[in-house]
Amino acid sequence: MNGEVRPYTKDEVLHAVALIQAHLAEDEEAVRALQDESEESARQCARAMFALAHIIVFGQIIPEMWVIKKNLDFGHTSHVPELNLAIHVLKRMEERVGLAHVHPVVGALSAGDVMDLIVQCTGTRMEEVPGFLDSVRERTLRSAEF
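It should be emphasised that the depicted structure is a prediction, and the values quoted were computed from it without experimental measurement.

**Here we look at the overall build of the protein**
Reasoning step 1: Looking only at helices and strands, the protein has 7 helices and 0 strands in total.
Reasoning step 2: Beginning at the N terminus, the succession of helices and strands in the protein can be written as α-α-α-α-α-α-α.
Reasoning step 3: A globule of 146 residues ought to have a C-alpha radius of gyration of about 15 Å, and the protein, at 15 Å, matches this closely.
Reasoning step 4: A buried classification covers 38% of the 146 residues belonging to the protein.
Reasoning step 5: Contacts in the protein between residues far apart in sequence, at least 24 positions, make up 66% of those at least 6 positions apart.
Reasoning step 6: Of the roughly 8600 Å² that the protein leaves accessible, carbon and sulfur atoms contribute 53%.

**Some points on unusual backbone geometry**
Reasoning step 1: The backbone phi angle of E26 is positive, close to 55°, even though this residue is not glycine.
Reasoning step 2: Note that E26 resides in the loop between α1 (10-24) and α2 (28-34).

**Some points on the nonpolar core**
Reasoning step 1: Judged by nonpolar contacts, the single largest core of 41 residues is most densely connected at M49, L52, I56, V114 and L133.
Reasoning step 2: If you list the elements that add at least two residues to this core, you get α1, α3 (39-64), α5 (81-99), α6 (105-121) and α7 (129-142).
Reasoning step 3: Per-element accounting of this core gives the leading share, 13 residues, to α3.
Reasoning step 4: Leave out the neighbours within four places in its chain, and V114 touches I20, M49, L52, A53, I56 and M93.

**Digging into the pattern of salt bridges**
Reasoning step 1: The final tally for this structure, using the stated rule, is 9 salt bridges.
Reasoning step 2: Where E28 meets R32, a salt bridge forms, and the shortest distance between an N and an O atom there is 3.9 Å. Linking E28 with R32, this pair stays in helix α2, spanning 4 residues, or about one helical turn. The pair E28 / R32 is uniform in exposure class, with both members exposed.
Reasoning step 3: Among the ionic pairs, R125 bridges to E128, the shortest N-O distance being 3.3 Å.
Reasoning step 4: We classify R125 as partly exposed; its relative accessible area is 49%.
Reasoning step 5: If you follow the salt bridges from partner to partner, you end up with R92, R96 and D113 in one network.

**What about the side chain of S110?**
Reasoning step 1: Mapped onto the secondary structure, S110 falls in helix α6.
Reasoning step 2: The exposure class of S110 is buried, given its relative accessible area of 0%.
Reasoning step 3: S110 has contacts with M49, M93 and R96, leaving out every residue within four places of it along the chain.

**Section: the packing of α3 against α6**
Reasoning step 1: The N-to-C vectors of α3 and α6 enclose an angle of 15°; their axes lie 8 Å apart at closest approach. Considered as vectors, α3 and α6 are oriented roughly parallel to each other. You can see that α3 and α6 cross each other, and the crossing is left-handed. Residues C45, M49, L52, A53, I56, V57 and I61 of α3 form the contact with α6, whose own contacting residues are G107, S110, A111, V114, L117, I118 and C121.
Reasoning step 2: Looking at the contact of α3 with α6, its residues break down into 12 nonpolar, 2 polar and no charged.

**Some points on the packing of α5 against α6**
Reasoning step 1: At a minimum axis separation of 10 Å, α5 and α6 run at an interaxial angle of 160°. As judged from the angle between their axes, α5 and α6 are roughly antiparallel. Seen along the crossing, α5 lies across α6 with a hand that is left-handed. Each of V89, R92, M93, R96 and L99 in α5 lies in contact with α6, whose residues at this interface are V106, L109, S110, D113, V114 and L117.
Reasoning step 2: Split by residue class, the contact of α5 with α6 holds 7 nonpolar, 1 polar and 3 charged.

Cut-offs used in this document
- Residues numbered from 1 in each chain as written.
- Predicted model: local features only at pLDDT ≥ 70, side-chain atom pairs only at ≥ 80, totals over all residues.
- Heavy atoms only, no water.
- Helix = DSSP H or I, 4+ residues; strand = E, 2+ residues; numbered from the N terminus.
- Rg over C-alpha atoms; globule rule 2.2 N^0.38 Å.
- Buried < 20%, exposed > 50% of the residue type's maximum accessible area, 1.4 Å probe, protein only.
- Contact = heavy atoms within 4.5 Å.
- Areas by Shrake-Rupley, 256 points an atom, 1.4 Å probe, with all protein chains shown as cover.
- Core = buried A, V, L, I, M, F, W, Y, C linked by side-chain atoms within 4.5 Å.
- Salt bridge = Lys/Arg side-chain N within 4 Å of Asp/Glu carboxyl O.
- Axes fitted to C-alpha atoms, helices over the stretch in contact; angles between N-to-C directions.
- Parallel < 35°, antiparallel > 145°, perpendicular 65-115°, else oblique.
- Left-handed = near helix turned anticlockwise from the far one by under 90°.
- Nonpolar A, V, L, I, M, F, W, Y, C, P; charged D, E, K, R; others polar.

So this is what it looks like as structure tokens:
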């Protein structure tokens with residue numbers, strides 16, 4: 001990701017972190033403050049979840065894959081099932097951004113998928129998710145690359 005333009009903003013990442021933290025804390029007031037019932041809010045939520053998923057996939061999941069750690073050359077990523085799956089999940093989340101205004105529940109589905117990515121693919125236990133999100137927030141705030 002060095003030198004590349006990211007397909008999201010720092011604010012979108014921070015929005016996703018805050019929204020998932022509010023859900024985890026079961027703070028309905030905070031959730032309502034971060035996401036209302038409007039089509040635009042649904043689209044923003046889906047974009048925010050895509051942004052957070054993008055950071056998790058490219059910043060943690062892919063670098064930890066055995067094919068990357070062993071620096072194996074398969075000629076093309078289409079020959080590496082693990083990479084294909086990670087990229088497929090990300091593309092699916094990006095496609096949801098266009099659907100969010102039609103089906104507002106898409107934002108909630110995306111938030112659930114981001115939670116699944118965190119728990120199932122990063123080695124983070126459910127009780128460690130708030131700390132994981134704090135770490136993402138801190139790195140995002142310190143990052144000058146946005």
